[in-house]
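The lines below spell out each chain.
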Amino acid sequence: WKHLLVTAIISKKVNKFLFNVENDEIFSSAILHDIGKIILDQYDHDNYVKVLQKIANISNLKYQIETEEQFCSANHQEIGYIIAEQWNLPDSIADVIRYHHEPLKSENNAKLVSLVYVGNILSLIALGNLHFDINLFDQEVLDFLGLSESALNIIIEEILEEIESYSDIESFFK
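This report concerns the structure included in the present document. Quantities reported herein were computed from a predicted structural model and do not represent experimental measurements.

### Description of the packing of aromatic side chains
Applying the stated criterion across every chain yields a total of one aromatic pair. With centroids separated by 6.2 Å and ring planes inclined at 45°, the aromatic side chains of Phe132 and Phe137 adopt a geometry described as tilted. The class for Phe132 is partly exposed, based on a relative accessible area of 26%. In this structure, Arg98 packs its charged tip against the face of Tyr81, placed 4.1 Å from the ring centre. Stacked on the ring of Phe19, the Lys or Arg Lys111 has its end atom at 3.9 Å from the ring centre.

Structure representation (structure tokens):
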């Protein structure tokens, strides 16, 4: 849950930084972007544990998708999208769930999906799961949003300072 919450906070921050507007849909979308992981863990737990073991300490997010497909016969984006459709979630949220690792594949919501894509990666960095490297990001997505490496560095510095103010967040979830 911590990753989802931090992704939502960061996605909103990136949107505000880039476009200077508020958009509550970003928060909802980011909170739900990994719903497929919860489903895979709940209903295909043994195989999903194998996925987690195999991808431990690997920073290639596309490898995670491939590994999920190898062990679970589907990935968390596909499973999450099916759930989003069954729950009649708005198309924009369903697109974030479906395309958050490949945001430019979204035909109607590429901006929203791209913001959550960036928020997702920055969340992994902020929480200490990855080290900042511009190569973690798809350059086409950064260009689409108009995000430079220097802008990402500014955002990540702000986020790391803000994360410290959320240090009690873990006690909230216990």
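Having seen the structure, we can now continue with the description.
### Comments concerning unusual backbone geometry
A positive phi is found at Asn20, a non-glycine position, where the angle reads about 55°. Position of Asn20 relative to the elements: it lies in the loop between helix 1 (2-19) and helix 2 (24-32). Its identity is not glycine, yet Ser73 carries a phi of approximately 65°, on the positive side. One can find Ser73 in the loop between helix 5 (61-72) and helix 6 (76-86).

### Points about helix 6
Every buried residue of helix 6 is accounted for by His76, Gln77, Gly80, Tyr81, Ile83 and Ala84. Seen end-on, helix 6 carries its buried residues on one side only, within an arc spanning 160°. In the core, the buried residues of helix 6 are packed alongside helix 3 (35-43), helix 5 and helix 7 (91-99). At the N-terminal boundary of helix 6, the capping side chain belongs to Asn75, with an oxygen 2.8 Å from the backbone nitrogen of Gln77. In the segment just after helix 6, Asn88 is the residue with positive phi, at about 55°.

About the thresholds
- Residues numbered from 1 in each chain as written.
- Predicted model: local features only at pLDDT ≥ 70, side-chain atom pairs only at ≥ 80, totals over all residues.
- Heavy atoms only, no water.
- Phe/Tyr/Trp six-rings, centres within 6.5 Å; stacked < 30°, edge-to-face > 60°.
- Buried < 20%, exposed > 50% of the residue type's maximum accessible area, 1.4 Å probe, protein only.
- Lys NZ or Arg CZ within 6 Å of the ring centre and 35° of its normal.
- Helix = DSSP H or I, 4+ residues; strand = E, 2+ residues; numbered from the N terminus.
- Arc of directions from axis to C-beta.
- Contact = heavy atoms within 4.5 Å.
- Polar contact = N/O pair within 3.5 Å; in protein donor to acceptor, adjacent residues only side chain to side chain.

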